[in-house]
Amino acid sequence: MNDFSYLHTNCLELSLYLGCDKFPHESELQQEWENNKESLLTFMEQVHRGIKGVVTDQQGEPIANA
(Lines give C-alpha, C1' and ligand atoms only; values in the text may rest on other atoms or scores of the structure.)
Protein backbone atom coordinates (compact mmCIF):
# COMPACT_ATOMS: atom_id res chain seq x y z
CA MET A 1 0.00 0.00 0.00
CA ASN A 2 2.84 2.41 0.75
CA ASP A 3 4.24 2.33 -2.80
CA PHE A 4 0.77 2.62 -4.34
CA SER A 5 -0.11 5.63 -2.19
CA TYR A 6 3.14 7.40 -2.99
CA LEU A 7 2.97 6.78 -6.72
CA HIS A 8 -0.75 7.43 -7.26
CA THR A 9 -1.81 9.87 -4.54
CA ASN A 10 1.47 11.68 -3.69
CA CYS A 11 1.01 10.55 -0.08
CA LEU A 12 4.09 9.22 1.69
CA GLU A 13 3.27 6.58 4.30
CA LEU A 14 5.72 4.86 6.61
CA SER A 15 5.52 1.51 8.34
CA LEU A 16 7.72 1.15 11.40
CA TYR A 17 8.43 -2.25 12.90
CA LEU A 18 10.04 -2.35 16.32
CA GLY A 19 10.88 -6.03 16.37
CA CYS A 20 10.09 -9.41 14.91
CA ASP A 21 6.67 -9.65 16.55
CA LYS A 22 4.27 -7.93 14.15
CA PHE A 23 1.27 -8.44 16.45
CA PRO A 24 2.39 -8.10 20.09
CA HIS A 25 0.04 -9.30 22.81
CA GLU A 26 -2.29 -6.71 24.29
CA SER A 27 -0.51 -6.92 27.63
CA GLU A 28 2.75 -5.77 25.98
CA LEU A 29 1.37 -2.70 24.20
CA GLN A 30 1.60 -0.21 27.06
CA GLN A 31 5.26 -1.05 27.69
CA GLU A 32 6.05 -0.86 23.96
CA TRP A 33 4.45 2.60 23.86
CA GLU A 34 6.45 3.78 26.88
CA ASN A 35 9.67 2.40 25.40
CA ASN A 36 9.20 4.12 22.05
CA LYS A 37 7.05 7.23 22.59
CA GLU A 38 9.88 9.77 22.78
CA SER A 39 11.65 8.32 19.73
CA LEU A 40 8.44 8.42 17.71
CA LEU A 41 7.69 12.02 18.68
CA THR A 42 11.27 13.08 17.85
CA PHE A 43 10.98 11.35 14.48
CA MET A 44 7.71 13.16 13.75
CA GLU A 45 9.28 16.53 14.62
CA GLN A 46 11.83 16.04 11.84
CA VAL A 47 9.18 16.89 9.23
CA HIS A 48 9.81 20.54 10.04
CA ARG A 49 13.48 20.39 9.00
CA GLY A 50 14.80 21.08 5.53
CA ILE A 51 13.93 23.42 2.70
CA LYS A 52 10.30 24.36 2.15
CA GLY A 53 8.56 26.64 -0.28
CA VAL A 54 7.21 27.13 -3.75
CA VAL A 55 9.38 27.55 -6.84
CA THR A 56 8.27 30.59 -8.82
CA ASP A 57 9.33 32.39 -11.98
CA GLN A 58 10.40 36.04 -12.16
CA GLN A 59 6.75 37.16 -12.16
CA GLY A 60 6.02 35.19 -8.98
CA GLU A 61 3.99 32.50 -10.76
CA PRO A 62 4.49 28.88 -9.59
CA ILE A 63 6.55 26.73 -11.94
CA ALA A 64 4.73 23.55 -12.90
CA ASN A 65 6.30 20.24 -11.80
CA ALA A 66 9.17 22.00 -9.98
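Before reading on, note that the structure itself is shown above.
As the structure is a prediction and not an experimental result, all values here were calculated from the model. (Residues numbered from 1 in each chain as written. Predicted model: local features only at pLDDT ≥ 70, side-chain atom pairs only at ≥ 80, totals over all residues. Heavy atoms only, no water.)

Caption draft 1: Here's a closer look at the overall build of the protein. Within the protein one finds two helices and zero strands. By the compact-globule yardstick of 11 Å for 66 residues, the protein is too spread out, its C-alpha radius of gyration being 19 Å. Across its three principal directions, the C-alpha atoms of the protein cover 60 × 25 × 15 Å. For the protein, the residues scored as buried account for 2% of the 66 residues in total. As presented, the protein carries roughly 6700 Å² of accessible surface, and 55% of it is formed by carbon and sulfur atoms. Counting 4 positive and 11 negative side-chain charges, the protein places the centres of these two groups 6 Å from one another. (Helix = DSSP H or I, 4+ residues; strand = E, 2+ residues; numbered from the N terminus. Rg over C-alpha atoms; globule rule 2.2 N^0.38 Å. Buried < 20%, exposed > 50% of the residue type's maximum accessible area, 1.4 Å probe, protein only. Areas by Shrake-Rupley, 256 points an atom, 1.4 Å probe, with all protein chains shown as cover. Lys, Arg positive; Asp, Glu negative; His and termini not counted. Charge placed at Lys NZ, Arg CZ, Asp CG, Glu CD.)

Caption draft 2: Spatial organisation of helix H2 (residues 26-45). The terminal C-alpha atoms of H2 lie 28 Å apart, and with 20 residues this matches the ideal 28 Å at 1.5 Å per residue to within 8%. At asparagine 36, H2 shows its largest bend, some 50°. (Expected span 1.5 Å × (residues − 1). Bend = angle between axes of the 7 residues up to and from the residue.)

Caption draft 3: The arrangement of a nonpolar patch on the surface in detail. Together, Tyr6, Leu7, Leu12, Leu14, Leu16, Leu41, Phe43 and Met44 make up a nonpolar patch on the protein surface, roughly 890 Å² of accessible area in all. For the nonpolar patch, the secondary-structure elements that each account for two or more residues are helix H1 (2-9) and H2. At three residues, H2 tops the list of elements feeding residues into the nonpolar patch. Locating methionine 44 in the fold gives a position in helix H2. (Patch = residues over 30% accessible without salt bridge, like charges linked within 9 Å, V, L, I, M, F, W, Y side chains within 5 Å. Salt bridge = Lys/Arg side-chain N within 4 Å of Asp/Glu carboxyl O.)

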